[in-house]
Structure formats: structure tokens, C-alpha cells
Amino acid sequence: VAAFTSVRDAAKGLIGEPIAQFLDDRFPNAALIGNVSCPTLFIHGERDSLVPPSHSVALFKNCRSRKLLITPPGMEHNTNLFTDAQFLAIPAINFFGLPGYQQDEPPQMPQRFYEDGRQAFVSRQAARRQQHVGGIRQAEGSAGSPWFFFCGCPTSRSK
């Protein structure tokens, strides 16, 4: 995600080329990408102002393994990849071939999970209240006060 060709190249756009030349190039990704042999998914937002998308395009062109480049138009450098399934979920599922999940649209919950459950909830609550009221009446007969049922201690004062 938001891959850069090298630290020095990424810094050129931010601090200028003269200063960037003094940086140690610890991650020469452009020189190493040809050695990658596993499937590689590049995701780089078109609105990335920190690392230009051209870095990922250059890496994509030099990558010799099976590859895919995704450049979502509304994505910036720090965009949360989980806000839109088109940013990460769908490309990853389709590219890496997760069985049973390859599709153009994100999975949808069945409509039955969105059905209004208020009536069933109200019915269950009414049944619980009936049982609870019945329990209090039983406690009233045995202890003389419904509060005995809640705390287990006598509520009437002995004289």
C-alpha cells in the first residue's frame, strides 16, 4: 500500500532533491522489486500527496511476478482501507483467489437479518414480566413483602 521506489525518491518530492541526496537509501525498492517471486498486489491512492502514485506504477512495471495495481481515485495516503470495499477487500479477494469469495461486489447480509425484531422482543419481555410478577406474588405470600424476594431479608420491623 502506497509503495515507494526508494526513501530518497520519496523525500525528493517533500524536501527537495539537494537535501534528499544526503539521505541513506535503506529501502531501494526499485532495485529489488525484480527479485520478488510471489504474487504482488499494489494499492496506491490517486490522491496520495505524500508518496506520488508514480512510485507504485514504476514498481508495478518492474515487478516480474503475477501482479495487480489498484489506484482508487478517492484514496489518499492515510485513508482507512476498510472504509470502502473497493480499496482493499474486493481486489485482495479476487487477486489472491480466496475460494468462494470471488465477486465484483462486496458480500451482502441476507435481508432476514434486517427484519424488524421488535414484536418478538416485546413478546419475550411481556412473558418475562408475567413470570417475574408471579414470583413476587409467591414471595409476598411467604414473607409478607415483595422486597423479600429481591434481597432475601425481612422487611417488616419486629416490635
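These notes cover the structure that comes with them.

Conventions used here
Residues numbered from 1 in each chain as written. Predicted model: local features only at pLDDT ≥ 70, side-chain atom pairs only at ≥ 80, totals over all residues. Heavy atoms only, no water. Helix = DSSP H or I, 4+ residues; strand = E, 2+ residues; numbered from the N terminus. Buried < 20%, exposed > 50% of the residue type's maximum accessible area, 1.4 Å probe, protein only. Contact = heavy atoms within 4.5 Å. Areas by Shrake-Rupley, 256 points an atom, 1.4 Å probe, with all protein chains shown as cover. Polar contact = N/O pair within 3.5 Å; in protein donor to acceptor, adjacent residues only side chain to side chain. Phe/Tyr/Trp six-rings, centres within 6.5 Å; stacked < 30°, edge-to-face > 60°. Core = buried A, V, L, I, M, F, W, Y, C linked by side-chain atoms within 4.5 Å.

Points about the overall build of the protein
Phase 1 of the analysis: Looking only at helices and strands, the protein has seven helices and two strands in total.
Phase 2 of the analysis: Moving toward the C terminus, one meets the helices and strands of the protein in the order α-α-α-β-α-β-α-α-α.
Phase 3 of the analysis: Out of the 159 residues belonging to the protein, those deemed buried represent 23%.
Phase 4 of the analysis: Considering only intrachain contacts with a sequence separation of at least 6, the fraction spanning at least 24 residues in the protein is 54%.
Phase 5 of the analysis: With the model as given, the accessible surface of the protein reaches about 11,600 Å², and the carbon-plus-sulfur share is 56%.

Details of the side chain of Ser-65
Phase 1 of the analysis: Counting through the fold element by element, Ser-65 comes out in the loop between helix H4 (53–62) and strand S2 (67–70).
Phase 2 of the analysis: A polar contact is formed between the side chain of Ser-65 and the backbone oxygen of Cys-38, at a distance of 2.8 Å.
Phase 3 of the analysis: Leave out the neighbours within four places in its chain, and Ser-65 touches Val-36, Ser-37, Cys-38, Pro-39 and Thr-40.

Some points on the packing of aromatic side chains
Phase 1 of the analysis: For the structure on display, the rule yields three aromatic pairs.
Phase 2 of the analysis: Arranged with centres 6.0 Å apart and planes meeting at 90°, the rings of Phe-42 and Phe-60 form a pair that is edge-to-face. Note that Phe-42 is positioned in strand S1 (residues 40–43) and Phe-60 in helix H4, a separation of 18 residues in sequence.
Phase 3 of the analysis: With relative accessibility at 22%, the residue Phe-60 sits in the partly exposed group.

As for the nonpolar core
Phase 1 of the analysis: Formed by Leu-41, Ile-43, Ile-70, Met-75, Leu-81, Phe-87, Ala-92 and Phe-95, the largest nonpolar core amounts to eight residues.
Phase 2 of the analysis: Counting residues per element, the ones that place at least two in this core are S1 and helix H5 (89–96).
Phase 3 of the analysis: Ala-3, Ile-33, Phe-42 and Leu-59 belong to the second largest nonpolar core, which has five residues in total.

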